[in-house]
Amino acid sequence: MSAEQVSSLCEQLVKAVTVIMDPASTQRYRLEALKFCEEFKEKCPICVPCGLKLAEKTQTAIVRHFGLQILEHVVKYRWNNMPRLEKVYLKNNVMGLISSGTQSILEEESHIKDVLSRIVVEMIKREWPQHWPDMLKELDTLSKQGETQTELVMFILLRLAEDVVTFQTLPTQRRRDIQQTLTQNMEKIFSFLLITLQQNVNKYRRMKTDLAQQPKAQANCRVGIAALNTLAGYIDWVALSHITADNCKLLEMLCLLLNEPELQIGAAECLLIAVSRKGKLEDRKPLMVLFGDVAMHYILSAAQTADGEGLVEKHYVFLKRLCQVLCALGSQLCALLGSDSEVETPTNFGKYLDSFLAFTTHPSQFLRSSTQITWGALFRHEVLSRDPLLLAMIPKYLRASMTNLVKVGFPSKTDSPSCEYSRFDFDSDEDFNAFFNSFRAQQGEVMRMACRLDSRTGFQMAGEWLKYQLTAPVDTGPMNSKTGEGLCSIFSPSFVQWDAMTFFSESVISQMFRTLDKEEIPVNDGIDLLQLVLNFETKDPLILSCVLTNVSALFPFVTYRPEYLPQVLSKLFASVTFEVVEESKFVVSVQAPRTRAVKNVRRHACSSIIKMCRDYPQLVLPNFEMLYNHVKQLLSNELLLTQMEKCALMEALVLISNQFKDYERQKAFLEELMAPVAGLWLSAEMQRVLSDPEAFISYVGADNKIADPVMEDPSGLNRSRISFCVYTILGVVKRARWPAAMEEAKAGGFLVGYLPSGSPIFRNPCTEQVLKLFDNLLALIRTHNNLYMPEMVAKLGETFAKALDMLEVEKNAILGLPQPLLELYDSPVYKTVLERMQGFFCTLYDNCFHILGNAGPSMQQDFYTVEGLASQLISSAFINLNNIPDYRLRPMLRVFVKPMVLSCPPEYYETLVCPMLGPLFTYLHMRLSQKWEVINQRSILCEDDAADDNPESQEMLEEQLVRLLTREVMDLITVCCVAKRGAEHNSSVAVDGDDDEAMATDVTPPASAELTELGKCLMKQEDVCTALMITAYASLSWKDTLSCQRTTTQLCWPLLKQVLPGNLLPDAVSWFFTSVLKGLQIHGQHDGCMAALVHLAFQIYEALRPRYAELKVVMEQIPDIQRDSLEQFDSKLLNPTLQKVADKRRKDHFKRLITGCIGKPLGEQFRKEVHIRNLPSLFKKVKPSLETDVLETNEDGEDLTVLFEP
């Protein structure tokens, strides 16, 4: 085509690009210009000459960038169809642009340099080494022309390493060819990089002080930075020998550069990557050179200089890198020392520890936290932990921790040097708070490790700090707490000190009791401290909470001096009824709204008493009468304690009564303890209220309209009576137990016989009392469920229309919204009577189900053999489920159904569990399917109609609840059917907003995933079996990645395996297989899910294809499936005489077949495919596989190996 055509097209393109980039252009013009440019790139036959013309130096940077983009587009999408001469022409011109087509290094725009290097790398990916053997020589020649070219060569080498090794954006064979060729030439490449770095750094150092030479110096500096960045891209993966070659010359250079302000960050980055290398210990030994005098000197002086210049972002980033380098050095030392690699403790170990400590005491909280893992590794190390230098460091480390545990450094404040650094590291106070809490927990771990090596020092420091805090005057700081005048808020200087000291003493003292022998424990010192704490009086709830923690921490000393127990009990009981004086003014008809801080103190005291009775029951037993009288006295005043507090104290008594080890005595005690509850619960009025929803609403006051919703609450007392009964039943069921030792259980009259299997049958002393109250409990549950019927909701009073809704706190937890920091402690627990009512319904519902969940483990056969238990539960707990919202259904499944099923002995599966779970699973499947259908419909509608983007919107909450309910249900099914997994399983169903787990690539299900006895029992019943299978497989295409991955790996295959021997209907088999493929379509974009689903589809196809030809029909419907490849796979599968190909090969082949239905992330769905052809093999001849493209000879019929001769 003629030059005129190129010129006129270029003019149009320049105009179009100008319109696109001009902020004043209208939307329509911009779109038209964009369309013109895109169509040009796709269709125009003269892209190359136009691109080259637009890329000329005379054009503006924007136009040149567009010209180069055209050339990149040509290489990426048209290369395979270009004639040979055109490829050569393009390649020569691009090399020409590098040589003389760009501005000088300091003037050229970085985006131009970037796109130019990308074009070269795209050509390399397609032609090197087979068709362009001299590529490295050409780059070397270019770099000799000057700094501008050298920098571009650096960019090319870096981008090549990133594409081929780091991101692996190439077909396997090409990647292998290029990586192997790079490796073969690595010695040359590395020495080229090092020489470039050295020469440019030397020139830069010579000229940087001479003003006349400033631009030249800057140019050399730029090349130095580029060389360091390129090195960083290689150091990560090349053989360690290149890094340590020549007496670790590279490491030495990098250490030198740490003191060169312009190059130090790049040098530290390279050093960090080098020191973090894994690999054979033998190869890593030379890295110990960094502990030598020279390296240590440079590292430390660089740190001091950077820190000495105050807070400048650049220096702070450098300090973070240096800190990481020291951490990585510590890790290498820990790995090498004590292994068989004959490495000794370095002579500079002391110097290393000092510098490391300097980072631990730096004002930046982020730097302090970065050092913790390495301190932990050093204190744990078998050799280093005995080193006198490290032992001498422990007191210094603990001293530093005393400062580091103080929660200061909020980015919004200015009360500490840390605040300034926090503003660089954290976006908000909430962010900082979350970080600090995990940092503190980590410090606790490391302090305990340090105290394992030296308990005495830690204890001594804790004692000194505690004494100091007890005598220091209270400083509430500028902010006053809303709890009362002159009290601390969580930001008060006094409280943050108390808080830190308490955490310190708790960590240190608990470790001391674990580490020292009995006779070595400093009992007198401990008791002295305990007395000081017991005698300390404070009216500040936040400080009192810390005091109580210190009492608990020092309590183990009482085991040596039991005479102090009454004093401890008195202190705790006084705190159970703690009030801030101010609050008592409010006593009207309703209890004063206690603030969270006050409630926490009271709750804290109760839980300390429970903990003491749980962990030291023998110690408390002699004081049982005193404890009992204390509790009776407190219970006699109905208004003194909340129901929860009353029950906590009763729980403590039950725990001690377990120590009677005498069935009759304990039974009599429990009867006496529960008499008031039984009297109330079984009264005629209560019976009427509990069994009639309308009477219940009226009794708890939810049908009233209230004029003053803050102060007035006429039915508060009625509610608290119901709560008291339910809490007490729960406390007794949870805590009353038979003795653990068989002999004691026998002697105390707890053993009633043996099961056929030989396991003992015990009786619980609380059984009789609890079962007496059982009917009314089920009546309450039935009534509570019926409250959700529309006609009952309509009977709620105006004030209480939302009484059955979720609490705001629950909503925020589910949506993952952080709580504002201050409010937590300063606001009243419930602000209005509506919130109180919501809290009442929510807690009541949960606690009723907690009782049912604990009843099985607690009363065992006495509970499971209750007359008609299954039908009683079905007609109470499972009634009116249609109207019960997701947020109520979740806790029911988690706290009642799951524990009950898990603790049920196999004898009762047929009579109790199956009749209950069968209908439940059928119902849950129906419910979840409908919910997910609504969500899917909604997302289809949303695409047409802009949705409300408010993050707290109801829809979002509902969707998240459906997700959480789905996880709960799938977890329940898995636990029932597949694996009896213990505690770790419970954690998975907390409010898990984080879906990170979904990205885990734990693919193959555990080989032992067999069905449990209960699973087999459920699968025998056809309707239950159907419900389970359909739920498991349908859930794969519900939009919850976490649930999909868990179900795929744990549940689907074991269930299907169970029904394989039977005669499955062909339609059912097709449906199961299709469900897995649908799952792939929706979740295929997540690696973990994709791998698990592919594995499951492969298992199903291999196991069932020989019996069901229908599966092949399903396969044939997959988009873009290669029929011949499917035939080949099938024939191998169906021909048993053929030798089986390795499992991985078969699976890979299968995965390639179903690629068409694996979902892609949105960002990749409309991406234009890049096709890079394989070149003739460099190495051993491979049998041509069906998928590889054989490189055709081009139209001139010549061989292409000579394509890129220079």
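Residues numbered from 1 in each chain as written. Predicted model: local features only at pLDDT ≥ 70, side-chain atom pairs only at ≥ 80, totals over all residues. Heavy atoms only, no water.

Caption draft 1: View of the overall build of the chain. On a plain count of helices and strands, the chain comes out with 57 helices and two strands. In terms of overall dimensions, the chain has C-alpha extents of about 105 × 75 × 65 Å along its principal axes. Considering only contacts in the chain between residues 6 or more positions apart, those separated by 24 or more positions represent 77%. Approximately 53,600 Å² of the chain is accessible, and the part contributed by carbon and sulfur atoms is 53%. Averaging the coordinates of the 125 positive side-chain charges in the chain and doing the same for the 148 negative ones gives two points 2 Å apart. (Helix = DSSP H or I, 4+ residues; strand = E, 2+ residues; numbered from the N terminus. Contact = heavy atoms within 4.5 Å. Areas by Shrake-Rupley, 256 points an atom, 1.4 Å probe, with all protein chains shown as cover. Lys, Arg positive; Asp, Glu negative; His and termini not counted. Charge placed at Lys NZ, Arg CZ, Asp CG, Glu CD.)

Caption draft 2: Quick peek at the packing of aromatic side chains. In total, this model carries 46 aromatic pairs according to the counting rule given. Aromatic side chains Tyr316 and Phe424 sit 6.0 Å apart centroid to centroid with 55° between the ring planes, which places their arrangement in the tilted category. Highlighted residues: Tyr316 in helix H16 (residues 313–336) and Phe424 in helix H21 (residues 418–425), separated in sequence by 108 residues. With a relative accessible area of 38%, Phe424 lands in the partly exposed category. Summarising the aromatic geometry, the rings of Tyr352 and Phe356 are spaced 5.7 Å apart at their centres and angled 10° between planes, so their arrangement reads as stacked. Placement of the pair is Tyr352 and Phe356 together in helix H17 (residues 349–360), with a separation of four residues, close to one helical turn. Accessibility expressed as a relative area gives 0% for Phe356, which makes it buried. The residue whose ring lies beneath Lys320 is Phe366, and the NZ or CZ to ring-centre distance is 4.9 Å. Its guanidinium or amino end placed over the ring of Phe491, Lys413 lies 4.2 Å from that ring's centre, counting from NZ or CZ. (Phe/Tyr/Trp six-rings, centres within 6.5 Å; stacked < 30°, edge-to-face > 60°. Buried < 20%, exposed > 50% of the residue type's maximum accessible area, 1.4 Å probe, protein only. Lys NZ or Arg CZ within 6 Å of the ring centre and 35° of its normal.)

Caption draft 3: The pairing of strand S1 (residues 751–754), seen in detail. Where S1 meets strand S2 (residues 760–762), three bridges bridge the pair, whose relative direction is antiparallel. Bridge pairing in S2 places Gly753 opposite Ile761. Taken together, S1 and the strand that follows it, S2, pair antiparallel across an intervening segment of five residues, in which Gly758 is found at a positive phi of about 100°. (Pairing = 2+ DSSP bridges.)

Caption draft 4: Structural view of the environment of Cys451. Examined against the element boundaries, Cys451 turns out to sit in helix H22 (residues 429–453). Sequence separation of Cys451 and Arg514 is 63 residues, and the distance between their C-alpha atoms is 9.9 Å.

Caption draft 5: Layout of the side chain of Thr767. Among the secondary structure elements, Thr767 is positioned in helix H37 (residues 767–772). The exposure class of Thr767 is buried, given its relative accessible area of 8%. Leaving out residues up to four positions away in the same chain, Thr767 has contacts with Met859 and Asp862.

Caption draft 6: Layout of the packing of helix H13 (residues 264–275) against H16. For the pair H13 and H16, the least separation of the axes is 9 Å and the interaxial angle reads 20°. Comparing their axes, H16 and H13 come out roughly parallel. Every pair of crossing elements has a handedness; the one defined by H13 and H16 is left-handed. Of the residues in H16, those touching H13 at Gln264, Ile265, Ala268, Glu269, Leu271, Leu272 and Val275 are Lys314, His315, Val317, Phe318, Arg321, Gln324, Val325, Ala328, Leu329 and Gln332. Residues belonging to the contact of H13 with H16 are distributed by class as follows: ten nonpolar, four polar and three charged. (Axes fitted to C-alpha atoms, helices over the stretch in contact; angles between N-to-C directions. Parallel < 35°, antiparallel > 145°, perpendicular 65-115°, else oblique. Left-handed = near helix turned anticlockwise from the far one by under 90°. Nonpolar A, V, L, I, M, F, W, Y, C, P; charged D, E, K, R; others polar.)

Caption draft 7: Region of interest: the pattern of salt bridges. Counted by the stated rule, this structure contains 52 salt bridges. Linking Arg118 and Glu72 is a salt bridge whose minimum nitrogen-to-oxygen distance equals 2.8 Å. Separated by 46 residues along the polypeptide, Arg118 in helix H6 (residues 110–127) and Glu72 in helix H4 (residues 61–78) bring together distant segments of the chain. The partner of Asp425 in a salt bridge is Lys320, with the nearest N and O atoms 2.7 Å apart. Of this pair, Asp425 sits in helix H21 while Lys320 sits in helix H16, placing them 105 residues apart in sequence. For Asp425, a relative accessible area of 21% gives the class partly exposed. Residue class for Lys320 comes out buried when judged on its relative accessible area of 19%. One continuous salt-bridge network, built from bridges that share partners, spans Glu122, Lys125, Arg126, Arg159 and Asp163. (Salt bridge = Lys/Arg side-chain N within 4 Å of Asp/Glu carboxyl O.)

Caption draft 8: Helix H7 (residues 135–143), seen in detail. When we look at burial in H7, the residues that qualify are Met135, Glu138, Leu139, Leu142 and Ser143. Angularly, the buried residues of H7 cover 135° about the axis, an arc narrow enough to put them on a single face. Facing away from the buried side of H7, by more than 90 degrees, are the exposed residues Lys137 and Thr141. Looking at the buried positions of H7, the neighbouring elements they touch are helix H5 (84–100), H6, helix H8 (147–166) and helix H10 (186–207). (Arc of directions from axis to C-beta.)

Caption draft 9: Structural detail: the nonpolar core. If you look at the biggest cluster of nonpolar residues, it comprises 380 residues, and the most contacted ones within it are Trp375, Tyr1033 and Leu1056. Not counting residues within four places of it along the chain, the set of residues in contact with Trp375 comprises Leu353, Phe356, Leu357, Thr360, Leu390, Met393, Tyr397 and Val446. (Core = buried A, V, L, I, M, F, W, Y, C linked by side-chain atoms within 4.5 Å.)

Caption draft 10: Focus on the packing of helix H53 (residues 1087–1104) against helix H56 (residues 1143–1153). At a minimum axis separation of 10 Å, H53 and H56 run at an interaxial angle of 100°. For the element pair H53 / H56, the angle class is roughly perpendicular. Contact residues: Met1090, Val1094, His1095, Ala1097, Phe1098, Tyr1101 and Glu1102 in H53; Asp1143, Arg1146, Lys1147, Phe1150 and Lys1151 in H56. In terms of residue class, the contact of H53 with H56 is built from six nonpolar, one polar and five charged.

Caption draft 11: Examining the environment of Cys488 more closely. Mapped onto the secondary structure, Cys488 falls in the loop between helix H23 (455–471) and helix H24 (493–515). Residues Cys488 and Ile189, spaced 299 residues apart in sequence, show a C-alpha to C-alpha distance of 64 Å.

Caption draft 12: Fine view of unusual backbone geometry. The step from Trp128 to Pro129 runs through a cis peptide bond, and the omega angle for that step is 0°. If you trace the backbone, Pro129 turns up in the loop between H6 and H7. Residue Gln168 is not a glycine yet carries a positive backbone phi of 50°. Mapped onto the secondary structure, Gln168 falls in the loop between H8 and helix H9 (172–184). The phi angle at Lys661 is positive, at roughly 55°, despite the residue not being glycine. Tracing the backbone shows Lys661 in the loop between helix H31 (643–657) and helix H32 (663–681).

Caption draft 13: Region of the structure containing the environment of Gln69. Mapped onto the secondary structure, Gln69 falls in helix H4. Taking relative accessible area as the criterion, Gln69 reaches 28% and is therefore assigned partly exposed.

Caption draft 14: Expanded view of the confidence of the model for the chain. Chain-level statistics for the chain give a pLDDT mean of 89 and a share of 91% at 70 or above. Within the model, pLDDT remains below 50 along residues 583–591, and this stretch shows 18 contacts once partners closer than five positions in the same chain are excluded. Below pLDDT 50 for its whole length, residues 1182–1203 participates in 29 contacts with residues either more than four positions away or in separate chains. (pLDDT = per-residue confidence, 0-100.)

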